[in-house]
Structure formats: structure tokens, C-alpha cells
Amino acid sequence: MGAKLIGVNLIGADSMKNDVAVSLDLDNVVIGATEVNLTFDVNLLLDQIKQATNGRVVLRYAYGDWRQNEQIPRALATAGFDLQSTVRLGHMSKNLVDMQMVVDAMETLVDGHDFTTYVLITGDRDFVPLVSALRKRGKQVIGMGLRHTTSQSLVDLCDRYIYYDDLV
């Protein structure tokens, strides 16, 4: 009888596992928030992610040019984000953040950790192919961003989309 209970507990624990990977396009979100006079609050985002996924946020990456605001990297590091610096060297490197986010997300599919949910904090339609690829592999994708900077095609493709404007 003891072995049977152990087996049930292991299956129950495994089936309830929901590890979450979060990727934050800082340039898109912070610049967008500034344009509409909203304050960027990473903890508000994390609280919403935990509520929306009922999961364990295991991976936290934030991408951007940290020279824009000195307080943001400190807040992100305090919230457990790995900061991925992408310094623009001119107009040609405009999509550098997007490309790095896509590469890192795709690497998680082969690195041995099975994330159930991916949260992409961006409104950029350049992420539509990534969302398609993740969903094709059975992953839930939640998008977060600002109304005025978010592509409708990204919203339509995500399993769920949360507007930062509605949280503040």
C-alpha cells in the first residue's frame, strides 16, 4: 500500500508541474510605458505572471540597453532577472534584442528543462514566428505589453495576452 501511495504522489506532482520562462523586451515595454506616462513596475508584472500561470517562474531574462535608465537594471536584478545587455550600434542593430530573445527561447527547447509556459513581455510582431514555434511544440504562450505598441497579430496568436495598461 505504501508503494502505491508513493507512485500516486509522484504522478500527481509531475502532472502539476508548470515551469515558466519569462523574456522581457525592455526597450519595447519601458519606452512604451514612458510614452503614455506609465511607470514600469517589474514586480507588478511578476505578480500577474504568477497569478495567470499558477506556475513556478524558473527563467527570467530581460533584454535591453541599460543606458536608458539606471534604476531599471537594479530593479530587475533584485527581482531575479538575468540581464542580457544589447547595446545598439546604430539603426542597423534595431532588432538585436528581438533576435537574442528568439535564440534564447529556442535554446530552452533543447537544454533539457521542460518549460510548460513562456511569457513574452513585448508587443512586437517580430515574435509571431516564435509564438508559432512554441505553440507547435505544445507550449502555452502568454504575451504582455502595452496597448499602443502591441501588434494585433501577436495578440491573436498568443494563448492569452495581458495589457500592462490594465494592471496599473
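A short tour of the structure in this document, coming up. As the structure is a prediction and not an experimental result, all values here were calculated from the model.

1. What to know about the overall build of the chain
Here is step 1: Looking only at helices and strands, the chain features 8 helices and 6 strands.
Here is step 2: Among the 168 residues that make up the chain, the fraction classed as buried is 44%.
Here is step 3: As displayed, the chain has an accessible area near 9,300 Å², and 53% of this comes from carbon and sulfur atoms.

2. With respect to the sheet that holds strand 3 (residues 82–85)
Here is step 1: Pairing is parallel across the open sheet formed by 6 strands, whose spatial order is 3-2-1-4-5-6. Edge positions in the open sheet fall to strand 3 and strand 6 (160–163), since each of these has one partner strand only. Along the sheet, successive strands turn relative to each other by an average axial angle of 20°, direction set aside.
Here is step 2: In this structure, strand 4 (residues 117–121) lies alongside strand 5 (residues 140–145), joined through 5 bridges in parallel fashion. The residue of strand 5 that forms the bridge with L120 is G143.
Here is step 3: Sheet contacts for helix 2 (residues 26–35): strand 1 (19–25), strand 2 (56–64) and strand 4; angle to strand 1, the most-contacted strand, approximately 60°.

3. With respect to the pairing of strand 2
Here is step 1: In terms of residue burial, strand 2 counts as a mostly covered element, since 7 of its 9 residues are buried.
Here is step 2: As paired elements, strand 1 and strand 2 share 7 bridges and run parallel to each other. Residue pairing across strands places A21 opposite L59, the latter belonging to strand 2.
Here is step 3: Taken together, the 4 bridges between strand 2 and strand 3 define a ladder with parallel strand orientation. Counted as the bridge partner of G64 is S85 from strand 3.

Calculation criteria
- Residues numbered from 1 in each chain as written.
- Predicted model: local features only at pLDDT ≥ 70, side-chain atom pairs only at ≥ 80, totals over all residues.
- Heavy atoms only, no water.
- Helix = DSSP H or I, 4+ residues; strand = E, 2+ residues; numbered from the N terminus.
- Buried < 20%, exposed > 50% of the residue type's maximum accessible area, 1.4 Å probe, protein only.
- Areas by Shrake-Rupley, 256 points an atom, 1.4 Å probe, with all protein chains shown as cover.
- Pairing = 2+ DSSP bridges.
- Axes fitted to C-alpha atoms, helices over the stretch in contact; angles between N-to-C directions.
- Contact = heavy atoms within 4.5 Å.

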